[in-house]
Amino acid sequence: MEETLHVVEGFIGSGRPHQHVVVNVDKLVKASRDEQLRRIINACELVNVDGMPVVWASRLLGKPLKERVAGIDLFEALMRRAAERGWRVFLLGARPEVVDEVAATYARRYPGLVLAGVRDGYWQGEQQEADVVRQVRDSRADLLFVAISSPKKEQFLGKYQAEMKIPFAMGVGGSFDVATGRVKRAPGWMQRAGLEWFYRFLQEPRRMFRRYFIDDMAFLWLLIKEAARGR
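These notes cover the structure that comes with them. These numbers were taken from a predicted model, which means no experiment stands behind them.

As a further point, take the packing of aromatic side chains. One pass over the full model with this rule turns up 14 aromatic pairs. Centroid distance Phe 201 to Phe 213: 5.0 Å. Interplanar angle 75 degrees. Geometry classified as edge-to-face. Residue Phe 201 is located in helix α11 (residues 196-203), and its partner Phe 213 is located in helix α12 (residues 205-213); the two are separated by 12 residues in the primary sequence. Phe 201 gets classed as buried once you look at its relative accessible area, which sits at 14%. What makes Phe 213 partly exposed here is its relative accessible area of 33%. Following the ring pairs from residue to residue traces out a cluster consisting of Trp 197, Phe 198, Phe 201, Phe 209, Tyr 212 and Phe 213.

Another aspect to go through is the nonpolar core. Judged by nonpolar contacts, the single largest core of 34 residues is most densely connected at Phe 75, Leu 78, Met 79, Leu 91, Leu 143, Phe 145 and Phe 176. The set of elements that each furnish at least two residues to this core consists of α1 (2-14), α5 (71-85), β3 (88-93), α6 (96-109), β5 (143-147), β6 (168-171) and α9 (175-179). Broken down by element, the residue count for this core peaks at eight residues, all from α5. Non-local contacts of Phe 145, meaning those with residues more than four positions away in its chain, are made with Phe 75, Leu 78, Met 79, Val 89, Phe 90, Leu 91, Leu 92, Met 170, Val 172 and Phe 176.

On to unusual backbone geometry, then. Residue Pro 151 is bonded to the preceding Ser 150 through a cis peptide linkage, with omega at 5 degrees. Even without being a glycine, Arg 140 presents a positive backbone phi close to 55 degrees. Tracing the sequence through the fold places Arg 140 in the loop between α7 (125-139) and β5. Here Lys 165, not a glycine, exhibits a phi torsion of approximately 60 degrees, which is positive. Considering the arrangement of structural elements, one finds Lys 165 in the loop between α8 (152-164) and β6.

With parallel pairing, the six strands of this open sheet are ordered in space as β2-β1-β6-β5-β3-β4. Each of the sheet's edge strands pairs with one partner strand only, and the pair in question is β2 (46-49) and β4 (114-119). Averaged over all neighbouring strand pairs, the angle between strand axes comes to 20 degrees, with direction disregarded.

A few words on the environment of Arg 207. With respect to the element layout, Arg 207 can be found in helix α12. By relative accessible area, which is 53% here, Arg 207 ends up exposed. Polar side-chain contacts of Arg 207 include one of 3.1 Å to the side chain of Glu 204.

Quick look at a nonpolar patch on the surface now. The grouping of Trp 189, Leu 195, Trp 197, Phe 198, Leu 202, Phe 209, Phe 213 and Ile 214 at the surface amounts to a nonpolar patch, some 740 Å² of accessible area in total. Listing elements by their share of the nonpolar patch, those giving two or more residues are α11 and α12. Among the elements that take part in the nonpolar patch, α11 stands out by supplying three residues, more than any other. Looking at the element boundaries, Phe 209 is found in helix α12. You can call Phe 209 partly exposed: its relative accessible area is 42%.

Further remarks concern the side chain of Asp 50. On the secondary structure map, Asp 50 appears in the loop between β2 and α4 (52-60). A polar contact of 2.9 Å, which involves the side chain of Asp 50, links it to the backbone nitrogen of Gly 71. Residues in contact with Asp 50, not counting those within four places in the same chain, are Val 22, Val 23, Asn 24, Arg 68, Val 69, Ala 70 and Gly 71.

Packed helix pairs are specified by the crossing angle of their axes together with the interaxial distance, meaning the distance between the axes. Between helix α2 (residues 25-33) and helix α3 (residues 35-43), whose axes approach to 5 Å, the crossing angle comes to 120 degrees. The orientation of α2 relative to α3 falls into the category oblique. The element α2 and its partner α3 pack so that their crossing is left-handed. Mapping the contact onto sequence places Lys 27, Lys 30, Ala 31, Ser 32 and Arg 33 in α2 and Glu 35, Leu 37, Arg 38 and Ile 41 in α3. Counted by class, the contact of α2 with α3 contains three nonpolar, one polar and five charged residues.

Cut-offs and rules
Residues numbered from 1 in each chain as written. Predicted model: local features only at pLDDT ≥ 70, side-chain atom pairs only at ≥ 80, totals over all residues. Heavy atoms only, no water. Phe/Tyr/Trp six-rings, centres within 6.5 Å; stacked < 30°, edge-to-face > 60°. Helix = DSSP H or I, 4+ residues; strand = E, 2+ residues; numbered from the N terminus. Buried < 20%, exposed > 50% of the residue type's maximum accessible area, 1.4 Å probe, protein only. Core = buried A, V, L, I, M, F, W, Y, C linked by side-chain atoms within 4.5 Å. Contact = heavy atoms within 4.5 Å. Pairing = 2+ DSSP bridges. Axes fitted to C-alpha atoms, helices over the stretch in contact; angles between N-to-C directions. Polar contact = N/O pair within 3.5 Å; in protein donor to acceptor, adjacent residues only side chain to side chain. Patch = residues over 30% accessible without salt bridge, like charges linked within 9 Å, V, L, I, M, F, W, Y side chains within 5 Å. Areas by Shrake-Rupley, 256 points an atom, 1.4 Å probe, with all protein chains shown as cover. Salt bridge = Lys/Arg side-chain N within 4 Å of Asp/Glu carboxyl O. Parallel < 35°, antiparallel > 145°, perpendicular 65-115°, else oblique. Left-handed = near helix turned anticlockwise from the far one by under 90°. Nonpolar A, V, L, I, M, F, W, Y, C, P; charged D, E, K, R; others polar.

Okay, here's the thing in structure tokens:
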């Protein structure tokens, strides 16, 4: 985490646009099937792993990652550091009432926080999308957090980050819902045991069943193929 924060600080100091992404089992499975998503991830200047199964897989493959850096933890750490350093923050995504609550929550928590802009994640058509891009660019934000689903957030940033010119842009998925308490995080012991996904499933079983118990099972096959290739 500290290494990541140090890298982000360098990005902001440079003033040039950089895209960040976190990968977990679900995103790796999606990327194995989606060439565009795979290309976007590989082009990101900073990649973190948010998911203990991926950390464990890296160790099994003899290429151990240092640790998991959860997206929600990085988001929280950057909001705190933004208030300390005077970095300008743009919050983009989720429903209007959710993103407004996130803005109000962190403004109270960190009085020095500078919010460059706040905008929900619902727009339609090329014209509205162009308006969103223009709003972000004109905000002169240092940090952009995008709370829309994958792979839409990766595609949006991959397409427009150079135009928006934000030094650090990060997709945060459902972090706004967690930040406002709408979705609860797993207890610490479940996070350390790699069971946070199961806690999420228990909260939203109908929505998450296919993702966790059908789609993401392909990760085991990816792991087997990678292990065989490394022999």
